[in-house]
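Okay, here's what each chain looks like letter by letter:
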Amino acid sequence: MGSFSDTPALIAGGTIRPYRFVVASPAADNTGLEASDGTTAVVGVPDGSTRRFDSANNAETGDPISLQGGDVVPVQCHTATVPTRGALVQSHTDGTAVTAVTTSGPARRFQGY
């Protein structure tokens, strides 16, 4: 069972929108990036909070990313390819969830509900 202590503490290496998949940056330690493909392992999903009242982003470069804790978390689905209940999912190029095209690699890490 997951808990908040299982949630990594990451700093944004770019713009992170709420409920999008986040991956670890290959270029900087303790830095997260919004997922941009389905081949990199996802480390978390930010919650619905925004960095400021006048922003639509959860975090921007240098801000802490507010990742959700727990085993099951909400994630935004891509509008054109919404996964069916119980389907394996992976990241689309915009960080949203799409039905996985393979059953190996990072796609096995998350299951859509």
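Look above for the structure.
Residues numbered from 1 in each chain as written. Predicted model: local features only at pLDDT ≥ 70, side-chain atom pairs only at ≥ 80, totals over all residues. Heavy atoms only, no water.

*Asks:* What am I meant to see in the overall build of the protein chain here?
*Replies:* Across its full length, the protein chain holds zero helices and six strands. Reading the helices (α) and strands (β) of the protein chain from amino to carboxyl end gives β-β-β-β-β-β. When each of the 113 residues of the protein chain is scored for burial, the buried share is 35%. In the protein chain, once contacts between residues fewer than 6 apart in sequence are set aside, the share between residues at least 24 apart is 49%. For the protein chain, the accessible surface area stands at approximately 6500 Å², while carbon and sulfur atoms represent 53% of it. (Helix = DSSP H or I, 4+ residues; strand = E, 2+ residues; numbered from the N terminus. Buried < 20%, exposed > 50% of the residue type's maximum accessible area, 1.4 Å probe, protein only. Contact = heavy atoms within 4.5 Å. Areas by Shrake-Rupley, 256 points an atom, 1.4 Å probe, with all protein chains shown as cover.)

*Asks:* Sorry if this is basic, but what is going on with the sheet that holds strand β3 (residues 31–34) here?
*Replies:* Strand order in the open sheet formed by four strands is β1-β3-β2-β4, with mixed pairing between adjacent strands. This sheet does not close on itself; its edge strands, each paired only once, are β1 (11–12) and β4 (42–44). Bridge count between β1 and β3: two bridges; the pairing is parallel. Looking across to β3, one finds that A12 is bridged to G32. (Pairing = 2+ DSSP bridges.)

*Asks:* How should the environment of C77 be read in this particular structure?
*Replies:* Structurally, the position occupied by C77 is in the loop between β4 and β5 (89–91). Taking the C-alpha atoms as reference points, C77 and T96, 19 residues apart in sequence, are found 5.1 Å from one another.

*Asks:* Is there a simple way to explain unusual backbone geometry in this structure?
*Replies:* Residues other than glycine predominantly adopt negative phi, and peptide bonds predominantly adopt the trans conformation. Positive phi outside glycine occurs at Y19, with the angle close to 60°. Tracing the chain through its elements places Y19 in the loop between β1 and β2 (22–24). Taking the relative accessible area as the measure of exposure, Y19 reaches 33% and is therefore partly exposed. In this model, N30 sits at a positive phi of 55°, which is unusual for a non-glycine residue.

*Asks:* What is the right way to read the environment of S49 from this model?
*Replies:* Structurally, S49 can be placed in the loop between β4 and β5. Judged by its relative accessible area of 32%, S49 is partly exposed. Sequence separation of S49 and A59 is ten residues, and the distance between their C-alpha atoms is 9.0 Å. For S49, the side chain forms a polar contact with the side chain of D47, separated by 2.6 Å. (Polar contact = N/O pair within 3.5 Å; in protein donor to acceptor, adjacent residues only side chain to side chain.)

*Asks:* What should I look at first to understand the pairing of β3 in this one?
*Replies:* The side chains of a regular strand alternate between the sheet's two faces. For β2 and β3, the ladder comprises three bridges, and the chain directions are antiparallel. Residue pairing across strands places A24 opposite G32, the latter belonging to β3. Counted along the chain from β2 to the antiparallel partner β3, the turn is six residues long, and its residue N30 has a positive phi close to 55°.

*Asks:* Explain the pattern of salt bridges here, please?
*Replies:* Charged atoms that come close allow side chains of opposite charge to pair. Summed over the entire model, instances satisfying the criterion amount to four salt bridges. With its nearest N and O atoms 2.5 Å apart, the salt bridge here joins D63 to R51. Of this pair, D63 sits in the loop between β4 and β5 while R51 sits in the loop between β4 and β5, placing them twelve residues apart in sequence. Judged by relative accessible area, which is 17%, D63 ranks as buried. In this structure, D54 engages R52 in a salt bridge whose closest nitrogen and oxygen atoms are separated by 2.7 Å. On the accessibility criterion, D54 (48% relative accessible area) is partly exposed. Among the residues examined, R52 registers a relative accessible area of 43% and is labelled partly exposed. (Salt bridge = Lys/Arg side-chain N within 4 Å of Asp/Glu carboxyl O.)

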